[in-house]
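Results of the structural survey
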Amino acid sequence: TAGESHGPALTAILEGVPAGLQIESEKINRDLLRRQGGYGRGGRMQIERDRVTLLSGVRGGLTLGSPISLLIQNRDWENWSTVMGVEPGTKTTERRVTRPRPGHADLGGALKYRHRDLRNVLERASARETAARVAVGAIARQLLEAIGVTVIGWVEQIGPARAIKASQEAFGQWLNLSLNSSEPVYTSFIDDWRQKIETSPVYCPDPEDARRMMELIDVSRSEGDSLGGTFIITAWGLPPGLGSYVHWDRRLDGRLAGALMSIPGIKGVEIGAGFEVAQERGSQAHDEIFYSSEAGLYRETNRAGGLEGGVTNGELLVVRAAMKPIPTLLQPLRSIDIESKEPSLAAVERSDVCAVPAASVIGEAAVAFVLAQAVLERFSADTMEELMKDWRDNWEYLRKVR
């Protein structure tokens, strides 16, 4: 990806997509709109109305196998063209920033690249960059959907308000579905679950918990403060064997954690029960394996979150990420002016009160991208026809041995 927050546009180039995948721009735009939504977002989201333009790699709605390039215009560029222009003579001294914000890349980035204007850092370090990643992830999602894999994320916690019951019910339903239900049944369940999430102002499936989250956001906004939280990303329909236990750098849990940690504001990632199992004995931490002639090999629990030893085990993939409160505050924290070295309050840029709902959409994109990579490494990937054949053959093999 490339582009600055207040530059002309964001761009991305995506390589390795098989030829013959049907791409719908409106599905990409739908995810871009979801990223801009969520209770607690700031004024920037009232300006931008992100839409993608596909510049290459797609013809007649089908991928060509060549690199796909994407463009997302920044509508706010017209207000920043004299400050962020690329040509000599641009008024770069306007809107100069010299007071680093604690919690941002401002100070570290300026020291790394020897910038005296922190805007040179914050424009790229901005979470605005994630719009490009959501667009790329939406293409990865369409690839996964073509082979029957669904990625769904939701907000589990904002501040102290946590939707534990809703998440437990979802995981219990999925375990039951994986054992006993036909594809139409679990497809209906997934559709219903997604509907609950997307109709919630904070992307939380439990209305009562969502209400408590919104109340906390209102209080935080009135006090000029911000809130963080956690979100969960799940993937349904993955076969055993994606990833690697042979190569440390190809372990799927490591790659998923890295992708999620690269989202601005994310400070922790766990797979399955994660930190919770650190408190348990081994007898309580793992998922016993059973067999029946009807269900084949199955588990009654999923503490591993669908990953064991760096590879998928056929259960529901469950990844949780923790987002810190946004560090740009209307009541700014103490800092130093890097020019005068005098104590000062941190700079204030337009920002959100809470971006956890938006982060859950970005998390979906990050997970979809990593899973699509893993699928294309495991199966023939030049064309969708070959990919679909290998995918079906693999499932046929698994049904015989499970």
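Residues numbered from 1 in each chain as written. Predicted model: local features only at pLDDT ≥ 70, side-chain atom pairs only at ≥ 80, totals over all residues. Heavy atoms only, no water.

1. Examining the overall build of the protein
Convention followed: Helix numbering and strand numbering both begin at the N terminus, where a helix is a DSSP run of H or I of at least 4 residues and a strand a DSSP run of E of at least 2. Classification of residues uses two cut-offs on accessible area relative to the type maximum, computed with a 1.4 Å probe and protein chains only: under 20% is buried, over 50% is exposed, and between them is partly exposed. Any two residues whose heavy atoms approach within 4.5 Å at even a single point are treated as in contact. Using a 1.4 Å probe, accessible areas were evaluated by the Shrake-Rupley method; residue-level cover was limited to the displayed protein chains. For the purpose of charge, His is not counted, nor are the chain termini; Lys and Arg are scored as positive and Asp and Glu as negative. One atom stands in for each charge, and that atom is NZ of Lys, CZ of Arg, CG of Asp or CD of Glu.
The number of helices and strands found in the protein is 13 helices and 16 strands. Counting only C-alpha atoms, the protein reaches 75 × 50 × 40 Å along its principal axes. Across the 402 residues of the protein, 49% fall into the buried class. Sequence-distant contacts in the protein: of pairs separated by 6 or more residues, those separated by 24 or more amount to 72%. When the accessible area of the protein is evaluated, it comes to approximately 19,600 Å², of which 51% is carbon and sulfur surface. Treating the 48 positive side-chain charges of the protein as one cloud and the 53 negative ones as another, the clouds have centres 4 Å apart.

2. Remarks on helix H12 (residues 356-378)
An α-helical segment advances 3.6 residues per turn. Residues three or four places apart therefore align on the same side. Counted only if it meets this: Residue count minus one, scaled by 1.5 Å, sets the expected span of a helix.
An ideal rise of 1.5 Å per residue puts 33 Å on 23 residues; H12 measures up with 33 Å between its terminal C-alpha atoms. In terms of residue burial, H12 counts as a mostly covered element, since 19 of its 23 residues are buried.

3. Section: a nonpolar patch on the surface
How we decide: Patch building starts from residues that exceed 30% relative accessible area and form no salt bridge, then joins like charges within 9 Å and nonpolar side chains (Val, Leu, Ile, Met, Phe, Trp, Tyr) within 5 Å. Basic side-chain nitrogens of Lys or Arg form a salt bridge, by our definition, when they fall within 4 Å of a carboxyl oxygen of Asp or Glu.
Together, Ile289, Tyr291 and Leu297 give the surface a local cluster of nonpolar side chains, amounting to about 340 Å² of exposed area. When you line up the elements, Ile289 lands in strand E10 (residues 289-292). For Ile289, a relative accessible area of 57% puts it in the exposed group.

4. Considering the pattern of salt bridges
This model, assessed by the stated rule, comprises 28 salt bridges. The shortest N-O distance in the salt bridge between Lys27 and Glu24 comes to 3.9 Å. Given a relative accessible area of 35%, Lys27 falls into the partly exposed group. According to the relative accessible area criterion, Glu24 is partly exposed, its value standing at 34%. Between Arg299 and Glu308 there is a salt bridge; the shortest N-O distance is 2.8 Å.

5. Considering the sheet that holds strand E2 (residues 52-56)
Quick note on the threshold: The pairing criterion for strands is at least two bridges between them, as found by DSSP. All axes here are fitted lines through C-alpha atoms, helices being fitted over the stretch that makes contact, and every angle between N-to-C directions spans 0 to 180 degrees.
Reading across from one edge, E1-E5-E2 is the order of the three strands in this open sheet, with antiparallel pairing throughout. Edge positions in the sheet fall to strand E1 (9-14) and E2, since each of these pairs with one other strand and no more. Neighbour-to-neighbour, the strand axes of this sheet turn through a mean angle of 25 degrees, independent of strand direction. Pairing of E2 with strand E5 (residues 68-73) involves four bridges; the strand directions are antiparallel. Residue pairing across strands places Val52 opposite Ile72, the latter belonging to E5. Contacts between helix H1 (residues 25-36) and the sheet are confined to E2 and E5, with E2 contributing the most and set at about 135 degrees to the helix.

6. Let's talk about the packing of aromatic side chains
Selection rule: In summary, the pairing rule links any two rings of Phe, Tyr or Trp, Trp by its six-membered ring, whose centres are within 6.5 Å, and it sorts them by plane angle into stacked for under 30 degrees, edge-to-face for over 60 and tilted for everything else. For a Lys NZ or an Arg CZ to count as sitting over a ring, it must be within 6 Å of the ring centre and within 35 degrees of the ring normal.
For the structure on display, the rule yields four aromatic pairs. Measuring from centroid to centroid gives 6.3 Å for Phe189 and Trp193, while their planes differ by 20 degrees, and the two rings are stacked. In this pair, Phe189 and Trp193 are both assigned in helix H8 (residues 183-198), four residues apart and thus about one turn of the helix distant. According to the relative accessible area criterion, Phe189 is buried, its value standing at 15%. Between the aromatic rings of Phe379 and Trp391, the centroid separation amounts to 5.3 Å while the plane-to-plane angle is 65 degrees, which identifies the pairing as edge-to-face. Of this pair, Phe379 sits in the loop between H12 and helix H13 (384-401) while Trp391 is found in helix H13, placing the two residues twelve residues apart along the sequence. Take Phe379: its relative accessible area is 6%, and that puts it in the buried class. According to the relative accessible area criterion, Trp391 is buried, its value standing at 5%. One aromatic cluster in this structure is built from Trp154, Phe189 and Trp193. In this structure, Arg95 packs its charged tip against the face of Trp80, placed 4.0 Å from the ring centre. In this structure, Arg221 packs its charged tip against the face of Tyr39, placed 5.6 Å from the ring centre.

Keep in mind these values describe shape, not function.
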